[in-house]
Amino acid sequence: MVILERLHELLQTPLFGTSLSVGNLLWLVVILALSVILARLTVTNLRRALENKISKNELEILLKLIYFTIVILGVVIALPNIIADLSGLLVAGGILGIIIGFASQSVVSNFVSGLFLMAEQPVKIGDNVNVGSISGNVEDICILSTTVRTYDGVFVRIPNEKVFNSEITNYWANVARRFDYMVGIRYQDDAGKAIGIIKNVLKDHPFVLQKPSPTVFVEELGDNGVNITVKIWSPARVWWDVKIELLWKIKVALEAEGIEIPFPQRTVWFPEPLKMDERQKVPYEKG
Amino acid sequence: MFGRHDYSFQYSSDSISFGIEPDGDIYRYFREIEGGEKVEKSVVSQRGKLVVCPIEPVNLPQNVATYMEIDFDPLFLEPFSKTTLYLTFPIEIGVFVVAKKDIKPLDVFSFIPQKYSLYGPSNGGVISRWVYSTVYAAIPEVNPLEYGVMQLTLHNTTREWVEVARALFEAYSMKIYYSDELVSMSAGMRILSSKTAETEFFKEPLAEGMKKAIEFYLGRDIPVVKHNGMMEWGLV
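Everything in this summary refers to the structure shown in the same document. Quantities reported herein were computed from a predicted structural model and do not represent experimental measurements.

1. Let's talk about the packing of helix H7 (residues 191-204) of chain A against helix H8 (residues 239-256) of chain A
All names here are of chain A.
Move 1: It is the contact of H7 with H8, at a shortest axis distance of 9 Å, that shows an interaxial angle of 135 degrees. By the angle between their axes, H7 is oblique relative to H8. Pair H7 / H8 crosses with right-handed handedness. Of the residues in H8, those touching H7 at Ala194, Ile197, Ile198, Val201 and Leu202 are Leu246, Lys249, Ile250, Ala253 and Leu254.
Move 2: In the contact of H7 with H8, the residues fall into nine nonpolar, no polar and one charged.

The following block contains the structure:
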């Protein structure tokens, strides 16, 4: 009993002649220690859980944010033990919060957009995309920004808010895509034969998909020749390679069978036969 | 051609010549297919072996698919029926170097052209290696360097007639067995409704003495979650 009374007296003993007692100080230390332990435990477990889901840089920022939030909460809980009235601090904190809020609204907007992008996943790392006016491959999706490497190898950082609000075209979101050619042949060529030749070229290419099958048909009787449309489905990851490879193969195959691509031409009718001076013919005849 | 060989292995036929030969302290692997590309690679090894075996047909000309689709003439299966038939499937040939229980792919080639297809819609389907096969009642004779034989057990678990004209398989799950005369796989197809089915492979060679082929994805150290193939976009 005596020990308890002594301990109680000790805890009530004012420090440095102020209203702050040993007990208050001890309570403060215990709460701060608990908040630090809780913060470390939370951070350790979150690191394990999110290690493979968020990039290392973002993870470290997020963990630091969570760590200091918990510690500050601990301080806020512990402060009434040493300061009687926190209202002044709360008012100051509120004003500071408003200032920080206004100053960092774009950061918060990007952060929230990043969270939505990660949840919705309209683009993934490695995808071939078009975001607004920027086209290229997605290199990284961070919490505040998305990095795109353009086709000419330029690094472009796009704030997530802009990505989220832009029109996104993802060329690799679907496993297959279609592309078209327009192949012109001369009027004297056999369009049916040309279609057969083109179909054979497509049949021999591994990445011209069997299903949906390619479509080849006469689209238009044009000014200079007969226009044949070729519609081809290909795996999305290789469609560009297939597109640039096939057109030349079609051209070579058609020419090998005597079917030629027409040149622009005009037939001009004169009301009377043209009279050509014999002297004017000489240079042409001489070649 | 198939099997485990030491570093003196060489194979030559009308269509291909390939093998490995010493060049000082290293070995030179070479392969030349008639009218095709020429491949040369250097190997630094002392006690390794060369393994040549059939592998999953989804690697050439480049890997864009993890499925294989076999189309065949339509079969009409009565309710709750179970039947076994034989199909052919294309193979690719893998050349691996093996040493101290580690495997590394050195080369992949094939004697037949490849064709790919889309199973399902473009926004939810899958790209697959495509092949057409005749349906056989017994093991057909095929060139083991070009095609393998698949024993397929079809099981209609529904209470209605079902028409089947194609089967889709997950390439990561393939269990290929080989001998000098035959390359084989054994698979099952459980028909769950008139439009859905589940396919799987069994660890069963079609003849005694056949060896298990190296699973290419294990050889490439690619972590793979194996699961059965699901056909959700129709059986015809």
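2. A word on the nonpolar core
Residue and element names in this part refer to chain B.
Move 1: Counting 66 residues, the largest nonpolar core has Phe2, Phe18, Ile70, Met150, Leu152, Phe169 and Met189 as the members making the most contacts within it.
Move 2: Broken down by element, this core gets its largest block of residues, six residues, from strand E7 (residues 67-77).
Move 3: Those residues in contact with phenylalanine 18 that sit more than four places away from it in its chain are Met1, Phe9, Gln10, Tyr11, Tyr29, Phe30, Arg31, Val52, Val95 and Phe109.

3. Some points on the pattern of salt bridges
Move 1: Scanning the entire structure with this criterion turns up 18 salt bridges over all chains.
Move 2: We note a salt bridge from Glu69(B) to Arg166(B), for which the minimum N-O separation is 3.4 Å. One end of the pair, Glu69(B), is in strand E7; the other, Arg166(B), is in strand E14 (residues 162-170), and 97 residues separate them in sequence.
Move 3: Taking the relative accessible area as the measure of exposure, Glu69(B) reaches 0% and is therefore buried.
Move 4: Beyond isolated ion pairs, a larger network of salt bridges with shared partners links Lys211(A), Glu69(B), Asp71(B) and Arg166(B).

4. Things to note about helix H5 (residues 105-120) of chain A
Residue and element names in this part refer to chain A.
Move 1: With 16 residues, H5 should cover 22 Å at 1.5 Å per step; its first-to-last C-alpha distance of 22 Å lies within 8% of that length.
Move 2: For H5, the complete set of buried residues consists of Asn110, Ser113, Gly114 and Leu117. The buried residues of H5 all sit within an arc of 110 degrees when viewed along its axis, so they share a single face. Away from its buried face, by an angle of more than 90 degrees, H5 presents the exposed residues Gln105 and Ala119.

5. With respect to the pairing of strand E10 (residues 102-109) of chain B
Residues and elements named next belong to chain B.
Move 1: In this sheet, E10 lies alongside strand E9 (residues 92-99) in antiparallel orientation, the contact comprising seven bridges. The residue bridging valine 98 from the neighbouring strand is isoleucine 103, located in E10.
Move 2: If you look at the hairpin formed by E9 and E10, you'll find two residues sitting between the two strands, and lysine 100 has a positive phi there, around 50 degrees.

Conventions adopted
- Residues numbered from 1 in each chain as written.
- Chains lettered and ligands numbered in written order.
- Predicted model: local features only at pLDDT ≥ 70, side-chain atom pairs only at ≥ 80, totals over all residues.
- Heavy atoms only, no water.
- Axes fitted to C-alpha atoms, helices over the stretch in contact; angles between N-to-C directions.
- Helix = DSSP H or I, 4+ residues; strand = E, 2+ residues; numbered from the N terminus.
- Parallel < 35°, antiparallel > 145°, perpendicular 65-115°, else oblique.
- Left-handed = near helix turned anticlockwise from the far one by under 90°.
- Contact = heavy atoms within 4.5 Å.
- Nonpolar A, V, L, I, M, F, W, Y, C, P; charged D, E, K, R; others polar.
- Core = buried A, V, L, I, M, F, W, Y, C linked by side-chain atoms within 4.5 Å.
- Buried < 20%, exposed > 50% of the residue type's maximum accessible area, 1.4 Å probe, protein only.
- Salt bridge = Lys/Arg side-chain N within 4 Å of Asp/Glu carboxyl O.
- Expected span 1.5 Å × (residues − 1).
- Arc of directions from axis to C-beta.
- Pairing = 2+ DSSP bridges.

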